[in-house]
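# Summary of the model geometry
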Amino acid sequence: MAAPEPDPERAPGTGSTPGTPGTNADTDDTPGSAPDTTPGPEPLTVPSMSAGPDFVLRPWEMSDLPLIREASLDPYIPLITTIPAPYSEAAAEAFVRRQWERAATGAGYPFAIVRSRDRRPVGAIGLWLRELPEGRASLGYWLTDLARGQGVARAALRTVTGWALRDLGVPRLQLYIEPWNTASARIAEDIGFRREGLLRGWQQVGDERRDMAVYALLNSDGPADGRAVTAH
């Protein structure tokens with residue numbers, strides 16, 4: 001994962017792939033840095049978008065509690081996000097409300113990643129706007145174990161990246177990925193992100209400070225692959 005959402009709630013990063021739970025995401029819950037909940041100028045409306053033929057990105061719902069339960073059992077996701085571990089229904093409901101609050105305060109766009117064929121949620125991705133006044137936004141995502149290795153992270157990241165650059169006009173997008181997470185690094189580079197350096201001791205993960213590689217994509221670099229399509 002990219003130092004998600006890995007928790008679209010805690011970190012700016014990228015998503016999960018085989019053997020990797022996600023990336024630091026200001027997913028506000030993916031590894032990276034914790035997302036800012038400072039009220040923005042106005043509430044944001046989280047859209048629903050198709051991420052290719054197999055997945056949909058949509059706002060979080062209370063029906064997503066089984067996804068939170070599954071993510072709480074992952075050894076890595078709770079370390080880089082605000083997914084509750086151990087799981088409780090009250091904590092899971094609070095998690096969903098936090099996602100709603102992030103949009104309501106202008107902090108960012110939290111999405112659940114949902115499989116089209118059965119409407120099962122399999123992960124999360126977020127676009128976090130804490131640094132938008134400086135022309136920067138960060139991304140983060142995570143996936144549960146059963147969803148890894150199926151192209152989910154690539155489809156979701158490509159969709160949100162294209163939407164942020166094209167429709168929102170964000171000048172610079174950033175991802176934070178732990179150096180060991182080669183799968184997430186490949187996904188980021190495939191979409192057009194460039195590695196810019198290593199941030200030593202950048203983020204607290206569990207009980208230790210971890211290094212994070214920073215990847216960036218500029219609006220001036222040209223369009224990202226794919227095109228987000230609003231779902232009807």
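First, a word on scope: everything that follows refers to the structure included in this document.

## With respect to the overall build of the protein chain
- A count of helical and extended segments in the protein chain gives five helices and nine strands.
- Ordered by position from N to C terminus, the α and β elements of the protein chain give β-β-α-α-α-β-β-β-α-β-α-β-β-β.
- Counting every position in the protein chain, which comprises 232 residues, the buried fraction comes to 57%.
- Of the roughly 9500 Å² that the protein chain leaves accessible, carbon and sulfur atoms contribute 51%.

## Overview of the pairing of strand S5 (residues 136-143)
- Of all the eight residues making up S5, seven are buried; the element is thus mostly covered by neighbouring parts of the structure.
- Of the strand pairs in this sheet, S5 and strand S6 (residues 172-177) are connected by three bridges, and their pairing is parallel. Pairing of Arg136 across the sheet is with Arg172, part of S6.
- Note that the unit made of S5, helix H4 (residues 152-166) and S6 has a crossover that is right-handed.

## Considerations on the packing of aromatic side chains
- Under the defined criterion, the tally for this structure stands at six aromatic pairs.
- Taking the centre distance of 5.6 Å and the plane angle of 75 degrees together, the rings of Tyr76 and Trp180 count as edge-to-face. Separated by 104 residues along the polypeptide, Tyr76 in the loop between helix H1 (65-72) and helix H2 (77-80) and Trp180 in the loop between S6 and helix H5 (182-191) bring together distant segments of the chain.
- A centroid spacing of 4.8 Å and a plane angle of 80 degrees characterise the contact between Tyr109 and Trp163, whose relative ring orientation is edge-to-face.

## With respect to the environment of Leu143
- Within the fold, Leu143 resides in strand S5.
- Owing to a relative accessible area of 0%, Leu143 belongs among the buried residues under this scheme.

## Focus: the pattern of salt bridges
- In the structure shown here, the tally under the stated rule is 13 salt bridges.
- Across the pair Arg172 and Glu196 runs a salt bridge, and its minimum N-O distance is 2.6 Å. Of this pair, Arg172 sits in strand S6 while Glu196 sits in strand S7 (residues 194-205); the two residues are 24 residues apart in sequence, bridging distant segments of the chain.
- Classification of Arg172 by relative accessible area gives buried; the value is 18%.
- Close ionic contact of Arg194 with Asp221 constitutes a salt bridge, the shortest N to O distance being 3.8 Å.

## Topic: unusual backbone geometry
- Residue Pro86 is reached from Ala85 by a cis peptide bond, and omega for that bond is 5 degrees.
- When you line up the elements, Pro86 lands in the loop between H2 and helix H3 (89-104).
- In this structure, Arg119 is a non-glycine residue whose phi angle is positive, near 60 degrees.
- Along the chain, Arg119 turns up in the loop between strand S3 (108-115) and strand S4 (121-128).

## A look at the pairing of S3
- Counting buried positions along S3 yields eight of eight residues, so the element is predominantly enclosed.
- Where burial is concerned, the two faces of S3 agree: the one with Gly108, Pro110, Ala112 and Val114 and the one with Tyr109, Phe111, Ile113 and Arg115 are both buried.
- Across four bridges, strand S2 (residues 55-58) lies against S3 in antiparallel orientation. Along S3, the bridge assignment pairs Leu57 with Ile113.
- Where S3 and S4 come together, seven bridges link them in antiparallel fashion. Across the sheet, Pro110 pairs through a bridge with Gly126, a residue of S4.
- In this structure, the hairpin formed by S3 and S4 is closed by a connection of five residues, where Arg119 is found at a positive phi of approximately 60 degrees.

Reading the values: rules and limits
The residue count restarts for each chain, going from 1 along the sequence in the order it is written. Local features in this predicted model are restricted to residues whose pLDDT is 70 or higher, and side-chain atom pairs enter the listing and the counts only when it is 80 or higher, whereas totals over whole chains, interfaces and linings include all residues. Only hydrogens and water are set aside when side-chain values are computed; all heavy atoms of the structure are taken into account. Helix and strand definitions here come from DSSP, where helices need a minimum of 4 consecutive H or I residues and strands a minimum of 2 consecutive E residues; each element is numbered from the N-terminal end. For the exposure calls, accessible area comes from a 1.4 Å probe over protein chains only, and a residue counts as buried if that area is under 20% of its type's maximum, exposed if over 50%, partly exposed in between. In these tables, accessible area is a Shrake-Rupley quantity obtained with a 1.4 Å probe, and a residue counts as shielded only by the protein chains included in the view. Two strands qualify as a pair provided that DSSP identifies no fewer than 2 bridges between them. Here is how to tell: hold the view so the strands point away, follow the path from the first strand over the helix to the second, and if it runs clockwise the crossover is right-handed. Pairing of aromatic rings covers Phe, Tyr and Trp, the last through its six-membered ring, and needs centres within 6.5 Å; plane angles under 30 degrees mean stacked, over 60 mean edge-to-face, and all others mean tilted. Here a salt bridge means any side-chain nitrogen of Lys or Arg lying within 4 Å of a carboxyl oxygen belonging to Asp or Glu.

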